[in-house]
Amino acid sequence: MNTKGEAMKKLPIVTLALAFALLVAACGGSTAETTTAAPSNTAAPTTMADTTTTAAPTTTAAPTTTTAAPAFAPLYEGDLKIGYVLPSTGGLAVIGDALIKPIEMAVQEMADAGNTAITLDPTDSGTDPQVASTSVEKLINDEVDAIIGPAATGVSLSVIDRITGSHIPMCSPSNTGAVFTTYDDGGYYFRTAPPDNLQGQVHGDLITDDGASSVAIAYRGDEYGRGLATAIRDQLTANGVAVPEFIEFDKDGTSFDAEAAQIAAAGVDAVSLISFAEGAAFMQALIEAGVGPEDIKVYVADGFKDNVTAEAVDPNNPAVLDGVRGTYPSLAPPNGEATFTSRFEAFAPGTPTIFSSHTYDCFVATVLAAESAGSTNSEDIAAAFNDVTRVGEKCSLYAECHALLQSGADIDYDGASGPLDFVDAGEPGAGTYDIFTYDATGTPNTDETVSVP
């Protein structure tokens, strides 16, 4: 932005000095007596030793040379068209803004940096395979170059073959299902959220460190639930903790009395509940069966935290979740780009930051991959995607990453969600997680942040 302040900064130093001299002279003429200077060839009398001082010859300073940063230059021809399939409706609509606003912020920041050759094509995933499929068909017909989303693991599984089969790169900010690590996507699927096999390690260690000896795991019947629950069970087993109950429940169910009774009969001292919004009804059933947070240790994960409130469990008791603990991909990892949180708050005040940094990184990495490839061709973008997160000079903001690419350097984008360092599967090779505990007001508070591996 070219403000008056910036314009002043650009005035030559000589001009400012002259203006200052004239100002001083004007002020002096109005307040002090006029003094006549002695001729320059007459020595002034001295009051101490009768000595003559010869002034050093005047030296003219060499002009200062400032090298301006190179002007922004586009690194691909034409417009880069990026679509997104994110939840404006459905079960995950509650976090829709947290996923969509970071993309809008990235587009604005890139335009401010000089890149206006980006077209955004927004669609709704509906948190539903049918809605998402319709949106994906629209984006394919619109001939987008890349796609951001979907958010939910199950929804992504319903459209991944159609997207990657069309040779369009897709980047999900919040798919954590372990299934994608080995999925045959042809090199077109990417994600910035770490896979659940890493969260499972943190979750299992949390339960173990809290002293549990026998744990029931109840999980929703989809890839997210199965994948995370399996990783938790594997970690608990490796830690020597018994898992006598491993219960899959109907993700669309509304009553979970039978499952809660099964857990109560097992005599466990801890429960790990892997759910989305249905977790509120499941928690009610646990409480009624005598195995709620007041009775034994209860643990949850990101799907519960994103979708369930204390009020949803018991409108009359804000402390109903008091003491419940859990794990969550870190919202503001200590190794993430330091200014993202404040920038996002300024751009979208009051918007929760649920996977927001991961969404931002998906979008920025997609654009940087196109710039690194020098192409808006989908296949070229996919081929360059992993390398912009792991090869070359480190950078954390779009403008500095672009400048490096423009200079001919390779880059290693370490983003708002932390160092990405994608492995060949197109996902982070490490994860950073918040360990949180609900207080008596129903607020989840972060106790610590841990990294794996």
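Presented here is an overview of the structure given in this document. (Residues numbered from 1 in each chain as written. Predicted model: local features only at pLDDT ≥ 70, side-chain atom pairs only at ≥ 80, totals over all residues. Heavy atoms only, no water.)

With that out of the way, let us pick up the overall build of the chain. Within the chain, the regular secondary structure consists of 15 helices and 15 strands. The buried share among the 453 residues of the chain stands at 46%. Considering only residue pairs separated by 6 or more positions, the chain has 69% of its internal contacts joining residues 24 or more positions apart. On the chain, roughly 21100 Å² of surface is accessible, and the fraction owed to carbon and sulfur atoms is 53%. (Helix = DSSP H or I, 4+ residues; strand = E, 2+ residues; numbered from the N terminus. Buried < 20%, exposed > 50% of the residue type's maximum accessible area, 1.4 Å probe, protein only. Contact = heavy atoms within 4.5 Å. Areas by Shrake-Rupley, 256 points an atom, 1.4 Å probe, with all protein chains shown as cover.)

The subject of this paragraph is the packing of helix α12 (residues 340-347) against helix α13 (residues 356-373). One can describe the packing of α12 onto α13 by two numbers: an axis separation of 11 Å at closest approach and a directional angle of 95°. Relative to α13, α12 is oriented roughly perpendicular. Taking contact as the criterion, the partners of Phe340, Arg343 and Phe344 in α12 are, on α13, Ser356, Ser357 and Tyr360. Each residue belonging to the contact of α12 with α13 can be placed in one class, and the counts come to three nonpolar, two polar and one charged. (Axes fitted to C-alpha atoms, helices over the stretch in contact; angles between N-to-C directions. Parallel < 35°, antiparallel > 145°, perpendicular 65-115°, else oblique. Nonpolar A, V, L, I, M, F, W, Y, C, P; charged D, E, K, R; others polar.)

Residues of helix α8 (residues 257-266) that are buried include every one of Glu259, Ala260 and Ile263, and no others. Taken end-on, α8 shows its buried residues confined to a sector of 100°, consistent with a single buried face. Opposite its buried face, α8 presents the exposed residues Ala258 and Ala265, each directed more than 90 degrees away. Its buried side turned inward, α8 meets β6 (214-220), β7 (242-249), β8 (270-274) and α9 (279-288). Within two residues after α8, Gly267 carries a phi angle of roughly 70°, on the positive side. (Arc of directions from axis to C-beta.)

Let's shift gears to the environment of Val313. By the element assignment, Val313 lies in helix α11 (residues 310-313). Ignoring any residue separated from it by four or fewer positions in sequence, one finds Val313 in contact with Ala280, Met283, Gln284, Ile287, Val308, Val320 and Leu321.

Okay, the state of the cysteines next. All told, the structure shown has two disulfides when counted by the stated rule. One disulfide in the model links Cys171 with Cys362; its S-S distance is 2.0 Å. Judged by the sign of its S-S torsion, about -80°, the bond between Cys171 and Cys362 is left-handed. Pair noted here: Cys171 is in strand β4 (residues 170-172) and Cys362 is in helix α13, with a separation of 191 residues, a long-range link. The residues Cys171 and Cys362 share a single accessibility class, namely buried. Two residues, Cys395 and Cys401, share a disulfide whose sulfurs are 2.1 Å apart. Where Cys395 bonds to Cys401 through sulfur, the torsion about that S-S bond is close to 110°, and the disulfide is right-handed. Judged on exposure class, the residue Cys395 and its partner Cys401 are both buried. Here the cysteine-cysteine linkages of the chain are recorded as 1-2, 3-4, numbering only bonded cysteines and doing so in sequence order. (Disulfide = S-S within 2.5 Å.)

All chains considered together, the criterion is met by one cavity of 30 Å³ or more. Taken as a whole, the largest cavity encloses approximately 120 Å³ of empty space. Lining the largest cavity are 14 residues, with Leu92, Ala151, Ser174, Phe276 and Asp302 positioned closest to its centre. For the lining of the largest cavity, the leading source of residues is helix α10 (residues 302-307), giving four residues. Broken down by class, the residue content of the lining of the largest cavity amounts to seven nonpolar, five polar and two charged. (1 Å grid on protein atoms, 1.4 Å probe; cavity = no way out; pocket = protein on both sides within 12 Å on 5 of 7 lines; lining within 4 Å. Points joined across faces, edges and corners; volume = space filled by probe spheres on them.)

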